[in-house]
Structure formats: C-alpha cells, structure tokens
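Chain by chain, the residues:
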Amino acid sequence: MVPRSPDEEALGGSLADFDSLVFSPARPALDETVPWSAPRPAEGLAGPPPCRPSPPPPPAPLAAPLFPDGDLAAVPLPRFLAVLHTGQATGALSLARGAQRRLVLFDRGAPVFATSNAPADRFGATCVREGLLDRPALRALLAGLRPGETTSAAMLSRGLLTSERRAALVEEQVKEIVWSVFAWPDGAYRFSFAPLPARERIALAIFPGELILEGMRRAAPLDRLRAALPPSLALAPAPDPAFDLHRLALRSREAEMLAHADGTKGVRDLVALSGLAEREGLAFLQACRHMGILAEVEQVLASTRRMGFL
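These remarks concern the structure in this document. Predicted, not measured: the structure shown is a model, and the values here were computed from it.

The strand order β1-β5-β2-β3-β4 describes an open sheet built from five strands, whose pairing is antiparallel. Of all strands in the sheet, those bounded by a partner on one side alone are β1 (69-71) and β4 (110-116). Going across the sheet, the axis of each strand differs from the next one's by a mean of 20°, ignoring polarity. As paired elements, strand β2 (residues 91-97) and strand β5 (residues 188-193) share six bridges and run antiparallel to each other. Bridging across to β5, Ala96 finds its partner in Ala188.

Below you can see the structure in the form of structure tokens.
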C-alpha cells in the first residue's frame, strides 16, 4: 500500500468539522450559509481529463486517477475544477496543506460554497474588510446570534446588508478561497460525491472557466509557470475543450496569442508575439491547458501547413 502523505492524513482528521458542516443537519460551526446555483443538465463524468495532449503521446503524468483523493502536485486545483465541470459533479472537495484547510462545495460542476480554517476567510471578517461594520460591532453581532442564525442572516435582518450585497460578498469570498489554493505547490485533495445539504441558500453564478482563468492570472507563481511551460513547448487547439471560448472574457492580447497557438510556435514565441508580460502570458497559456483549450503537440514548421504536391 502506498504511504499516505501528512496532508492526506490530515484530510481524514482535521477536516472532520468541515465534513459535519456539509453532511450534518446541526448548526454549522462556521458562520456561512450554503449557496445555490441554477441547475444545469447533468452529464456523466468525462473519461480522460480534458487537457490530454493531441495528437495523443504516451500518457502524461496528469492523467493519474483523479478520484476520490490524491496529490495536488500531480493534479493542480485548476485542472481539477475543469474535470469537475466536465463531469457535472456534485459534492464536497476537501483540501489540505500543512495547517491550511479548505472546503469547496460543488453543484453540477460549479463551486457554490467555500470556507477555510483561517479566521480571515469568515464572512464577518470579509464584511469588516469591506467597511460594512467594525470589529467591535462584529463581536457584538456574533454574541447576539440566535440559535441557528448565521452572521450574514443577522446582518440582513438588522439592515446592515442587502440581499444583493450579501450574494456579491459570498461570491467573492468563494472565489478568493479557491484562488488561494492555486498558489499551493502541493497538498492533498479528497472529493466526496454527495447531495448538498438542505439549508438556507444564496443564488450564485460562478462560471468555472472564468474562475480558472482569473485565478491563474492572479495567483500562479512565475517559477512554476516556467517549469510547466518550457520555452520550446508547442501548443495547439485541443480537440475536445472543457469550456467554450465564447463564454470566456478574453483580453485582446490573450485572444491574439490564442490565434497564434497553432502548433508552429513555442511558448517563448507565443508570449513574445502577444506583447504580454512573461507571467501574464504564461498564466494564460497554462490556464488554457488546464481548461483543455490548448494541448501540447510536436512542433511543426509553418511551411508544412501550406505544402502541396503537383
């Protein structure tokens, strides 16, 4: 049996409180509510992960089994998000690295709730940072919570927050917690397929493709991008992308770089042609690989695409 890493062991122990938050009818230990997203047509889980190179070379390291648990060094979270979207998965994703813990709930492939063991990630702390109330007011609010009442519900009932503002704050909170894991060089994950608990729900609209793209722009470390994208690596459109391009808000230089990615140019040339800074260009290309939009290919000369015989 393969020994489990300390992070994988932590998923079975320290995340017990998170598991009770998901599956127990008792009042959550944390101060958030479980959001809701509009249902989408359910599909079966995809077979191969979405960014397998094409034409197919020998199996890549990222083709390792993805469920139910594993190592984030082998399967980074952005790639995992693409797989969950493709498979329209519903359940709970637990993440651990050292003392850091994260929990993300998914409804048909879209993240609808996230929390962590960091006090700064709580809803009340977010409201303090946004200037909606100060710390003494937050302490007083928490002390006066009725049984089963959440921080956001209390603020809503006391006129400190509108329902629209609450939904926007929760959505941003979910994104920030997910993006924080994009910077982890390693760690452990565990996904549990299960129906979401029936609790108060906040309508969210988080598109996984935009979540991956913006998260890579914000959080991907340059050294890891350079290691994943050698200068001579050639990229071309993948045959079966996990996301439709028209649903992604591409910047003009990103769209131009994508148009140049036809298998005739290496990563260095693509970034140079785009005019983007190195980290910006590499982050976009790697996001496209995670989303199955681009795949590694054997580089071909541009002239061979126009060659004909009489």
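Once you've had a look at it, read on.
This brings us to helix α11 (residues 267-274). All buried positions along α11 are accounted for by Val267, Leu270, Val271 and Ser274. Along the long axis of α11, the arc covered by the buried residues comes to 95°, so they all point the same way. Exposed side of α11, more than 90 degrees from the buried face: Arg268 and Ala272 are the residues found there. Looking at the buried residues of α11, the elements they touch are β6 (234-237), α10 (252-260) and α12 (278-290). Positive backbone phi, approximately 80°, marks Gly275, located one or two places after α11.

Below, the discussion takes up the nonpolar core. Core analysis: the biggest nonpolar cluster contains 67 residues, and Leu77, Leu93, Leu95 and Leu285 have the highest contact counts within it. Residue contributions to this core peak at nine residues, all from helix α7 (residues 163-182). Here Leu77 is in contact with Leu72, Leu93, Leu95, Val178, Val181 and Phe182, once residues within four sequence places are set aside. Counting six residues, the second largest nonpolar core, distinct from the first, contains Ala92, Leu103, Leu105 and Phe113.

So, on to unusual backbone geometry. Non-glycine residue Gln88 carries a positive phi angle of around 50°. Topologically, Gln88 is positioned in the loop between α3 (77-87) and β2. Owing to a relative accessible area of 11%, Gln88 belongs among the buried residues under this scheme.

To continue, consider the pattern of salt bridges. Counted under the stated rule, the structure contains 13 salt bridges. Two residues, Arg226 and Glu278, come together in a salt bridge whose shortest N-O distance is 2.8 Å. A residue pair is termed long-range when its members are at least 10 positions apart, and Arg226 in helix α9 (residues 222-228) and Glu278 in helix α12 qualify at 52 residues. For Arg226, a relative accessible area of 45% corresponds to the partly exposed category. Of the residues examined, Glu278 reaches a relative accessible area of 36% and is grouped as partly exposed. In this structure, the salt-bridge partner of Asp262 is Lys265, at a minimum N-O distance of 3.6 Å. Relative accessible area serves as the criterion here: at 18%, Lys265 is assigned to the buried category.

Calculation notes
- Residues numbered from 1 in each chain as written.
- Predicted model: local features only at pLDDT ≥ 70, side-chain atom pairs only at ≥ 80, totals over all residues.
- Heavy atoms only, no water.
- Pairing = 2+ DSSP bridges.
- Helix = DSSP H or I, 4+ residues; strand = E, 2+ residues; numbered from the N terminus.
- Axes fitted to C-alpha atoms, helices over the stretch in contact; angles between N-to-C directions.
- Buried < 20%, exposed > 50% of the residue type's maximum accessible area, 1.4 Å probe, protein only.
- Arc of directions from axis to C-beta.
- Contact = heavy atoms within 4.5 Å.
- Core = buried A, V, L, I, M, F, W, Y, C linked by side-chain atoms within 4.5 Å.
- Salt bridge = Lys/Arg side-chain N within 4 Å of Asp/Glu carboxyl O.

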